[in-house]
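# Descriptive structure summary
The lines below spell out each chain.
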Amino acid sequence: MRPLLPLRLRRAAAGGLPRCFGMARRGGPAWRLSIEGNIAVGKSTFVRLLGKTFPEWQMATEPVAKWQKVQASSSREQTSSSQNFGNLLQMVYQEPSRWSYTFQTYSCMSRLKAQLEPLSEKLLKTWDPVQIFERSVYSDRYIFAKNLFELGHLTEIEWTIYQDLHTFLLQEFGDRIALHGFLYLQATPEKCLERLHRRGRPEEKAIQLEYLEQLHTQHENWLVKKTTEVHFENLRNAPVFVLDVNNDFEDDPAEQEELMRKPSVMYCPISLDCPCSNITLYSDPISSHKLISQVGSAIGQESSRCCVCMLVTVSSIQGWY
Ligand SMILES: Nc1ncnc2c1ncn2[C@@H]1O[C@H](COP(=O)(O)OP(=O)(O)OP(=O)(O)O)[C@@H](O)[C@H]1O
Ligand SMILES: Nc1nc(=O)c2ncn([C@H]3C[C@H](O)[C@@H](CO)O3)c2[nH]1
């Protein structure tokens, strides 16, 4: 079963909707969501599942391989003989004070490029085109760079220059890199460490629980408590859907069922007149769809695909691990 909104409803949102509602039409502006979460929480796994379930969607995975093998990308002769300048991921873990600034400028640039990618031909032909990003230019700054600065691995001057550059680039690119919402995969740092060890990426061998605890706090402050100072108006208003992914439900149908019953909280401060403000949604697609219909009728639409519907659709995948 694919718990998508019925096609009829997905096609209903054609215009005249409040600010937070999208214009679903063939080749129209894409819904752009970022999957956020701690190291090894399960983002790539989740994105892979989304890709299998919605083959028409465009997925931008985190370019870890590029960080592990830095190569010049501007040269016209981009061949297999391109020089390998080293494993920046390993370098930043081994010598954070030396390499954090280099890493953050490079990772930020690679995320910016991903967010600027044009819609694929395939996506242009679909109704409700959707782009999914694994992390974003925002987590680059408000999770990792901020944390490295607080740990003293970025100096005052490096942090200042990074922020200046980040703000400038994001303002320059404006709507071209805008996101419509965030899906925050949330698990305890202990669970992330367990998964990190199970995955066994060599560069991450020395990661301690304390580092994952710090990153967890950064995620909570930015996405849940909203205490992190952010510098972009659209980011302040973006909806955040929090999904508890602590359970190892990959091979456990009983856990999957349990998960389906769990409510998730959607934070949607998108506009004062938005009817989906701070409501509780259910990871059970049927309950969620009922709620979406209620939201739709509350604003005089049969139903629509808004930020809430979009995130519910994405999150309902969770039940099929
Ligand atoms: N819900 C889950 N239950 C059990 N194991 C999981 C679950 N999700 C992911 N895993 C496992 O945890 C490990 C890390 O998952 P994954 O690589 O998807 O994490 P990630 O969040 O993308 O990591 P990173 O932050 O490094 O990009 C993998 O071995 C994966 O198979
Ligand atoms: N320092 C630093 N800054 C980032 O922006 C960043 N984004 C991801 N990572 C690390 C986490 C995983 O080990 C690995 C894959 O996610 O890369 C980062 N490290």
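Reading guide: rules and limits
Residues numbered from 1 in each chain as written. Chains lettered and ligands numbered in written order. Predicted model: local features only at pLDDT ≥ 70, side-chain atom pairs only at ≥ 80, totals over all residues. Heavy atoms only, no water. UniProt positions renumbered as here; feature names shortened; annotations may be inferred. Salt bridge = Lys/Arg side-chain N within 4 Å of Asp/Glu carboxyl O. Helix = DSSP H or I, 4+ residues; strand = E, 2+ residues; numbered from the N terminus. Buried < 20%, exposed > 50% of the residue type's maximum accessible area, 1.4 Å probe, protein only. Near = heavy atom within 4 Å. Polar contact = N/O pair within 3.5 Å; in protein donor to acceptor, adjacent residues only side chain to side chain. 1 Å grid on protein atoms, 1.4 Å probe; cavity = no way out; pocket = protein on both sides within 12 Å on 5 of 7 lines; lining within 4 Å. Sits in = over half its atoms within 2 Å of the grid points. Nonpolar A, V, L, I, M, F, W, Y, C, P; charged D, E, K, R; others polar. Core = buried A, V, L, I, M, F, W, Y, C linked by side-chain atoms within 4.5 Å. Contact = heavy atoms within 4.5 Å. Axes fitted to C-alpha atoms, helices over the stretch in contact; angles between N-to-C directions. Parallel < 35°, antiparallel > 145°, perpendicular 65-115°, else oblique. Left-handed = near helix turned anticlockwise from the far one by under 90°. Points joined across faces, edges and corners; volume = space filled by probe spheres on them.

You'll find the chain entered in an unreviewed UniProt entry as Deoxyguanosine kinase, with Chrysemys picta bellii given as the organism. Taken verbatim from the UniProt record of the chain, the Sequence similarities (unreviewed entry) comment is "Belongs to the DCK/DGK family." The record held by UniProt for the chain lists under Subunit (unreviewed entry) the comment "Homodimer."

### Some thoughts on the pattern of salt bridges
Close approach of charged atoms allows side chains of opposite charge to pair. For the coordinates displayed, the defined rule picks out 12 salt bridges. Asp140 is the salt-bridge partner of Arg111, the closest N and O atoms lying 2.8 Å from each other. In this pair, Arg111 sits in helix H5 (residues 96-116) while Asp140 sits in helix H7 (residues 137-150), placing the two residues 29 residues apart along the sequence. Like Asp140, Arg111 is buried. Note that Arg236 is salt-bridged to Glu233, the shortest N-O span being 2.8 Å. Remark: Glu233 and Arg236 occur in helix H11 (residues 233-237); sequence separation between them is three residues, near one turn of the helix. A residue is classified by how much of its surface remains accessible, and Arg236, at 41% relative accessible area, is partly exposed. Overall, the relative accessible area of 51% leaves Glu233 in the exposed class. Each of Lys191, Glu194, Arg195, Arg198 and Asp248 takes part in a single network of salt bridges with overlapping partners.

### Remarks on the site of ligand 2
Taken together, 16 residues lie around ligand 2, and Glu62, Tyr93, Gln104, Arg111 and Glu204 are the ones closest in. Take Gln104: an N or O atom from its side chain is 2.6 Å from a nitrogen atom of ligand 2. Measuring from an oxygen atom of ligand 2, one finds a side-chain N or O atom of Arg135 at 3.0 Å. A molecule is said to occupy a pocket when more than half its atoms come within 2 Å of that pocket's grid points, and by this definition ligand 2 occupies the largest pocket. Only helix H3 (64-68), helix H4 (88-94), H5 and H7 provide two or more residues apiece to the shell around ligand 2. A per-element tally of the shell around ligand 2 places H5 first, with four residues. A breakdown of the residues in the shell around ligand 2 according to their chemical character gives eight nonpolar, two polar and six charged.

### Focus: the nonpolar core
Grouped together as the largest cluster of nonpolar side chains are 47 residues, with contacts concentrated most on Ile39, Tyr138, Phe182 and Trp222. Looking at this core, the elements that each hand over two or more residues are strand S1 (31-37), helix H2 (43-53), strand S3 (130-134), H7, strand S4 (181-186), helix H9 (189-199), helix H10 (209-224) and strand S5 (240-244). Not counting chain neighbours up to four residues away, the residues in contact with Tyr138 comprise Ile143, Leu170, Leu179, Phe182, Trp222, Phe232, Asn234 and Leu235.

### Observations regarding the packing of H7 against H10
Contact geometry for H7 and H10: axes closest at 10 Å, N-to-C directions at 130°. As summarised for this structure, H7 and H10 are arranged oblique, according to the angle between their axes. Regarding H7 and H10, the two cross each other, and that crossing is right-handed. Within the contact between the two elements, H7 uses Tyr138, Ser139, Tyr142, Ile143, Phe144, Lys146, Asn147 and Glu150 and H10 uses Tyr211, Gln214, Leu215, Gln218, His219 and Trp222. Within the contact of H7 with H10, the residues separate by chemical class into seven nonpolar, five polar and two charged.

### Topic: empty space enclosed by the protein
Taken as a whole, this structure holds two cavities of 30 Å³ or more when the rule is applied. Considered as a void within the structure, the largest cavity measures approximately 60 Å³ in volume. Every residue lining the largest cavity is listed: Ala60, Thr61, Glu62, Pro63, Arg111, Ala114, Gln115, Phe133, Glu134 and Arg135. Broken down by secondary-structure element, the contributors of at least two residues to the lining of the largest cavity are H5 and S3. Counting residues per element, the lining of the largest cavity draws most heavily on H5, which supplies three residues.

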